Amino acid sequence: MVLHVNTSEAGYDIILERGSLERVSEYFNLNRKVLIITDSGVPMEYALTVQRQCKEAYIHVLDAGEQSKSIDNYIKALQVLVDMGMTRTDCVVAVGGGVVGDFSGFVASTYMRGIDFYNIPTTFLSQVDSSIGGKVAIDFMGVKNIVGAFYQPKGVLIDSNTLKTLDKRQLHAGLCESIKMSATSNKELFELIENSTSIDNDLDEIIEKSLIIKRDVVEKDPKEKGLRRVLNFGHTIGHGIESKYGLKGYLHGECVGMGMLPMCESSVKQRIKALLNKYQIPTDIDLANEDIMDYIKKDKKASGNQITIVYVEKIGTFELKKIEIEEIQKYIKRGL
Ligand SMILES: NC(=O)c1ccc[n+]([C@@H]2O[C@H](COP(=O)([O-])OP(=O)(O)OC[C@H]3O[C@@H](n4cnc5c(N)ncnc54)[C@H](O)[C@@H]3O)[C@@H](O)[C@H]2O)c1
């Protein structure tokens, strides 16, 4: 399947096809110098498969993990681009999860004021969420994604066969992003995930339906001025949990999963909770913990004392509410 994403420029295609990694040169222009960026946790065979299809390619490997989205690594990648003699007509290809995609996109966006960037996401989270929408970034001074840009890829290629090597916990954490999108925007997708008896068999349909939701949102609101906030369902409290427990605690998707629970009507909450339990996402942390609230107050999305939250009254619908930050505590307590 090919899904086109319209942008202010030419837009780009997302190729969703099992086995397409072997045919990436049919979709991307690799007949030039290519810097392939991957990380140490991604099976090397994926980057090598891409390299075999390029005219001239170098593979740059980051250490796996969020800490690799750093200024130091950014400088090292720029040095590689200069050493390779890369020009404005060459390109960067990301092969990995959201860390590799965010990092590589940011490198591509700034080298020579922007060179072509292709993304081959290999985690569930990056396949349904981070690879589209054009947000690219690195972290700085302990703050996630604080240095970044909106920079659209030239193309995205999703081969769900790559998920066969992905850890189940990572897969399920990524699934929380699909649960999030379906809870606000697509009742049928929510029910598909609810009724699925084998997530592996339903992967392609879930990825496709999630991508359509995200595509429709980012096309209407490319720079997060309004509607795109719907994608933050679960994220306000989720970020608070992530900040409290740090990198050694829960995965991002797991935090988003738990963060959705206070932000919905009670029957919706029961259904989301049942889904989180079905996919072994923890739901038993103390959301009323004051540290979590302190982190929420520091959240970059808070403007003054007010914050926009996404609230779900009925599966498949949402409401954006502007509330006082202190009120979040009420939502949390009411949801317990
Ligand atoms: N740009 C956006 O719109 C956006 C949206 C959501 C999240 N993000 C970012 O995405 C990042 C998280 O991404 P993630 O959840 O994909 O994590 P990740 O990139 O850290 O990948 C998780 C782990 O899986 C490994 N891995 C990747 N693909 C694999 C495969 N096919 N088989 C085996 N192992 C594999 C990686 O090496 C890593 O250890 C965060 O930095 C977050 O800020 C960006």
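Residues numbered from 1 in each chain as written. Predicted model: local features only at pLDDT ≥ 70, side-chain atom pairs only at ≥ 80, totals over all residues. Heavy atoms only, no water.

A. Representation of the domain arrangement of the protein chain. Annotation of the protein chain at the domain level lists domain 1 (2-165) and domain 2 (168-335). Taken together, the contact pairs 21 residues of domain 1 with 28 residues of domain 2. Counting each side, the surface lost to burial between domain 1 and domain 2 is near 2200 Å², with a carbon and sulfur contribution of 67%. Where domain 1 touches domain 2, the interface holds 5 salt bridges. Between Lys135 and Glu224 there is a salt bridge, and its shortest N-O distance comes to 2.6 Å. Counting the contacts that link domain 1 with domain 2 gives 9 residue pairs in polar contact (both at pLDDT 80 or more). Looking at the side of domain 1 that touches domain 2, the elements with two or more residues in it are strand E1 (2-5), strand E2 (12-16), helix H5 (124-130) and strand E8 (143-150). No other element matches the 5 residues that H5 contributes to the side of domain 1 that touches domain 2. Class assignment of the residues belonging to the side of domain 1 that touches domain 2 gives a composition of 11 nonpolar, 5 polar and 5 charged. (Domains from an automatic or database assignment. Contact = heavy atoms within 4.5 Å. Buried area = accessible area lost by both parts, 1.4 Å probe. Salt bridge = Lys/Arg side-chain N within 4 Å of Asp/Glu carboxyl O. Polar contact = N/O pair within 3.5 Å; in protein donor to acceptor, adjacent residues only side chain to side chain. Helix = DSSP H or I, 4+ residues; strand = E, 2+ residues; numbered from the N terminus. Nonpolar A, V, L, I, M, F, W, Y, C, P; charged D, E, K, R; others polar.)

B. Representation of the sheet that holds strand E4 (residues 56-62) within the structure. Within the open sheet, the 7 strands sit side by side as E1-E2-E9-E6-E5-E3-E4. Their pairing is mixed. Single-partner strands in this sheet number two, and they are E1 and E4. This sheet shows a mean twist of 20° between the axes of neighbouring strands, independent of strand direction. In this structure, strand E6 (residues 116-121) lies alongside strand E9 (residues 155-158), joined through 2 bridges in parallel fashion. Note that in E9 the partner of Tyr118 across the bridge is Gly155. Strands in contact with helix H3 (residues 71-83) are strand E3 (33-39), E4 and strand E5 (91-96); relative to E4, the strand with the most contacts, it is inclined by about 165°. (Pairing = 2+ DSSP bridges. Axes fitted to C-alpha atoms, helices over the stretch in contact; angles between N-to-C directions.)

C. Region of interest: helix H10 (residues 252-260). Where burial is concerned, most of H10 is hidden: 8 out of the 9 residues are buried. For H10, the set of buried residues is Gly253, Glu254, Cys255, Val256, Gly257, Met258, Gly259 and Met260. Those residues of H10 that are buried are in contact with helix H6 (168-185), helix H9 (235-245) and helix H11 (266-278). (Buried < 20%, exposed > 50% of the residue type's maximum accessible area, 1.4 Å probe, protein only.)

D. View of the nonpolar core. Residues Ile14, Phe124, Ile272 and Ile328 are the most contacted members of the largest nonpolar core, which totals 64 residues. In terms of residue count, helix H8 (residues 199-220) provides more of this core than any other element does, 8 residues in total. In terms of domain composition, this core takes at least three residues from each of domain 1 (2-165) and domain 2 (168-335). Leave out the neighbours within four places in its chain, and Ile272 touches Ala183, Phe190, Phe233, Met260, Leu261 and Cys264. Counting residues in hydrophobic clusters, the runner-up holds 21 residues, among them Leu81, Met86, Val92 and Phe117. (Core = buried A, V, L, I, M, F, W, Y, C linked by side-chain atoms within 4.5 Å.)

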